Amino acid sequence: MIKRVNFQRHKPLAFLLLAPQMLVLAIFVFWPAAQALYQAFTITDPFGQHSTFVWFDNFRDVLTSPEYFNSIYRTAIFSTGTTASAVLAGLGFAVLVDRVARGKSVYRLMIIWPYAVAPVLAGVLWLFLFHPIYGAIALMLKQGFGIPWNPLLDGSDAMLLVIVAAAWKQVSYNFVFFLAALQAIPRSLIEAAAIDGAGPIRRFVSIVFPLISPTTFFLLVINVVYAFFDTFGIIHALTQGGPGGATDILVYKVYADGFLGLDLGLSSAQSVILMILVIGLTAVQFRYLERRVKYAQ
Amino acid sequence: MRKRLLGAFAGIVSAFAASVAAAAPIEIQFWHPTLGPIDDALKQQIDSFNNSQSAYKVVASGRGTYDETFNAAIAGFRANKSPHLLVVIGQGTQSMLLSGAVYPVQDLLAAEGYKIDWDNYIQPVLNYYRTKDMKLLSLPFSVSTPILWYNKDGFAKAGLTRPPVTWDEMGEYLTKLRAAGFECGYTSGWQQWVHVDNYSTIHDLPIATLHNGLDGLAATFTYNKTDVVKNIARLQSWVADGRYTYSGRQGSSATPAFASGRCAMMTHSSAVFSSLQASAKFAFEAAPLPYEAGTTPHNSLIGGGALWVLKGHKPEEYKGVAAFLAHLASPDQQAKWHKDTGYMPITKAAYEKVKAEGYYDKYPQQEVAITQVQRGTPTLNTMTVRLGNANQYVAALEEEMEAVWANKKTAQQAMDDAVRRGNEILRRFERQRGN
């Protein structure tokens, strides 16, 4: 039985005890968020000399630009691709490593490694391998397999490249969680199924996967958020949104207009829209997907 | 234990006392982007100033990329902690001019009693950073201009003995070079700088109204109505038949494409000289940018960082800032900087000095930029591009150029779209400044 404390008669004390936490939240979360919200309604120069309250002008400028709708479409492809490949690859590697008898720690280390690489550096690395003029892998694709690989001009090639690069970084993270979840499954359950004659695939579908569904759901949410918010470094290093806007995802536009372009109003308006989108998406995930998740009792 | 602590304390106190006793020189904060191999040359410049006198000490601090440095400076300005000196990329000139944070270099040097004959400077270099009444705002620092680089060994293989002079001649050269085995005939760094900005200035064409924005914030782009469209269309046909290979935005990807020997020709900043020298395993030469047959070429447009002096510091500190700037502009320092980094010298004296040393006989590539910016007489079309939000409109333009290379749009469609998007960005810049 968990001990509960009732503050009904000591409300001031309750608020006093909550205060430090609320203060931290207010300073580091609510205040910046409120600033962003306020800036979304202003047009201002970077040095803060002039600031005009313009109501919804920034939102109008964002939402009337054809490039922005292209960006939403690209973001949908990018985040679906990145999340799906990162989660599936993480799960695949975890299942394989879970079954390895010897040298488990070596595999584990090798797969966790990419997580330690900074996103911008990862981008540069990938660019160097896949640059159509001098990239080692690109030349191999072209000369060895006759594949006309050119992410600098072909939008699909570029999208594929940024998805793989973004997913590559996140696979390690997913791998760690999946491996931990797999190792928490009681061996007796799997052995019992094996005695009943269930093969490895049957055991995975009927026993293992339902048991790790809370982890899968958690990773799905985390990976979607990663794809939406955390990938501008890779895009900047690899394609800068190109060619012709093919990889110009929403968060990269926020970064490019805000940090590079110093148009804080336009960038804030976009981040407010992005925030609303991601909150909506996460709500949908919780509403429809979480129902299928079986949490342990 | 106690004794040791006491000893340490005494040590700190005496060290502190010693540093005070040496009448600490006045510190001058200097924020600059980290420029890789060039940082060493910068350090030598600063050391030579610090060692030449004891009243002032310049403290340099690398702040990452140009964009990161600019962001750091804005944060510093808003928190009242600006450096004295800041390096800003040329495209940020309009933002700086309107920031309210600037002490124009020409005013500072005049106020501190430096009698500088600005006629002794290479005019097209200064012009980029001048107001319309010819006042110099910032001191050109890491300045270059795009030129044509070519693989001399490759030229010999294709039976070519001199660089192409016109763009059409260049097209013929590329056909021969492709026949001689170069899969990539030509690539370009900074495609927008080369094929829109410099193409326009060399042919005395306006990029935007109001003398490319020099006369006011209401300027609008006009390059979709000039020969720029013809130039982009020609490049599109070169992409189609393999003569031009697109190597990516900005400058970093073109250099290895040329230095690895894969591309026979490249248009790129004159400042890539030092990195080509370090990495190219063949003989390479440089030539001025080609122009259209039947025209007389004007000066090309420069680009790169300039040193800005920021407001809000003490008078005695500004004395030191002026002394430092005068030191940097001296012929000795300019000549050394030019040779060490591949950036252009800003004074005629420095250029003459380097020439007299016979340096250009050995490295003729280094002289091309200087003669190219002095072709023809500067006009109001060729003086500068003074437009705001450059990072954004350049990104939009590069995006549209990619659509041309990928054959998704015609040159005219893409330039129209780039101009439409660019003008929206310029109008936002105006509103940001309270207009």
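Residues numbered from 1 in each chain as written. Chains lettered and ligands numbered in written order. Predicted model: local features only at pLDDT ≥ 70, side-chain atom pairs only at ≥ 80, totals over all residues.

### Some remarks on the sheet that holds strand 4 (residues 139-144) of chain B
Hydrogen bonds along the backbone pair up the strands of a sheet, which may run parallel or antiparallel.
Residue and element names in this part refer to chain B.
Move 1: Strands sit in the order 2-1-3-9-4 across an open sheet of 5 strands; the sheet is mixed. The open sheet terminates on both sides in strands that have one partner only, identified here as strand 2 (56-62) and strand 4. Averaged over all pairs of adjacent strands, the angle between strand axes in this sheet comes to 20°, irrespective of strand direction.
Move 2: Judged from the 7 bridges that link them, strand 1 (residues 26-32) and strand 2 form a sheet pairing that is parallel. Pairing of Glu-27 across the sheet is with Lys-57, part of strand 2.
Move 3: Its contacts with the sheet place helix 2 (residues 39-52) against strand 1 and strand 2, and it is angled at close to 165° to strand 2. (Pairing = 2+ DSSP bridges. Helix = DSSP H or I, 4+ residues; strand = E, 2+ residues; numbered from the N terminus. Axes fitted to C-alpha atoms, helices over the stretch in contact; angles between N-to-C directions. Contact = placed C-beta atoms within 7 Å.)

### Observations concerning the nonpolar core
Move 1: Ranked by size, the top nonpolar core spans 170 residues in total, and within it Val-162 and Leu-238 of chain A together with Val-125, Trp-149, Cys-263 and Leu-325 of chain B carry the most contacts.
Move 2: Counting contributing residues per domain, this core is built from domain 1 (2-144 + 303-362) and domain 2 (146-301 + 388-432) of chain B, each supplying no fewer than three. (Core = buried A, V, L, I, M, F, W, Y, C linked by C-beta atoms within 7 Å. Buried ≥ 20, exposed ≤ 12 C-beta atoms within 10 Å, placed from the backbone. Domains from an automatic or database assignment.)

### A short note on the environment of His-313 of chain B
All names here are of chain B.
Move 1: As for its position among the elements, His-313 is in the loop between strand 9 (303-309) and helix 14 (315-329).
Move 2: C-beta crowding within 10 Å serves as the criterion here: with 17 such atoms nearby, His-313 is assigned to the partly exposed category.
Move 3: It is 19 Å that separates the C-alpha atoms of His-313 and Phe-70, two residues lying 243 residues apart in sequence.
Move 4: The residues contacting His-313, other than those within four sequence positions of it, are His-84 and Tyr-318.

### A closer look at the packing of helix 3 (residues 66-99) of chain A against helix 7 (residues 155-183) of chain A
Residue and element names in this part refer to chain A.
Move 1: The contact between helix 3 and helix 7 brings their axes to 6 Å, and the two run at 40°. By the angle between their axes, helix 3 is oblique relative to helix 7. The handedness of the crossing between helix 3 and helix 7 comes out as right-handed.
Move 2: Partitioning the contact of helix 3 with helix 7 into residue classes produces 20 nonpolar, 7 polar and 1 charged. (Parallel < 35°, antiparallel > 145°, perpendicular 65-115°, else oblique. Left-handed = near helix turned anticlockwise from the far one by under 90°. Nonpolar A, V, L, I, M, F, W, Y, C, P; charged D, E, K, R; others polar.)

### Digging into the domain arrangement of chain B
Buried accessible area, meaning the area lost when the parts come together, often serves as the stated size of an interface.
Residues and elements named next belong to chain B.
Move 1: In terms of domains, chain B is made up of domain 1 (2-144 + 303-362) and domain 2 (146-301 + 388-432).
Move 2: Placing the centre of domain 1 and that of domain 2 at their C-alpha centroids yields a distance of 31 Å.
Move 3: On the side of domain 2, 14 residues touch domain 1, which itself brings 13 residues to the contact.
Move 4: In terms of residue class, the side of domain 1 that touches domain 2 is made up of 4 nonpolar, 8 polar and 1 charged.

### Things to note about the sheet that holds strand 8 (residues 284-287) of chain B
Residues and elements named next belong to chain B.
Move 1: As summarised here, the arrangement of the 4 strands in space is 6-7-5-8, forming an open sheet in which the pairing is mixed. Edge positions in the open sheet fall to strand 6 (184-188) and strand 8, since each of these has one partner strand only. Across this sheet, the average inter-strand angle for adjacent strands is 20°, counted without regard to direction.
Move 2: Pairing of strand 5 (residues 146-151) with strand 8, which is carried by 4 bridges, proceeds in the antiparallel orientation. Of the residues in strand 8, the one forming a bridge with Trp-149 is Ala-286.
Move 3: The strands that helix 9 (residues 191-202) touches are strand 5, strand 6 and strand 7 (263-269); relative to strand 5, the one it contacts most, it runs at about 120°.
Move 4: Against the sheet, helix 18 (residues 365-372) contacts strand 5 and strand 8, and its axis sits at roughly 10° relative to strand 8.

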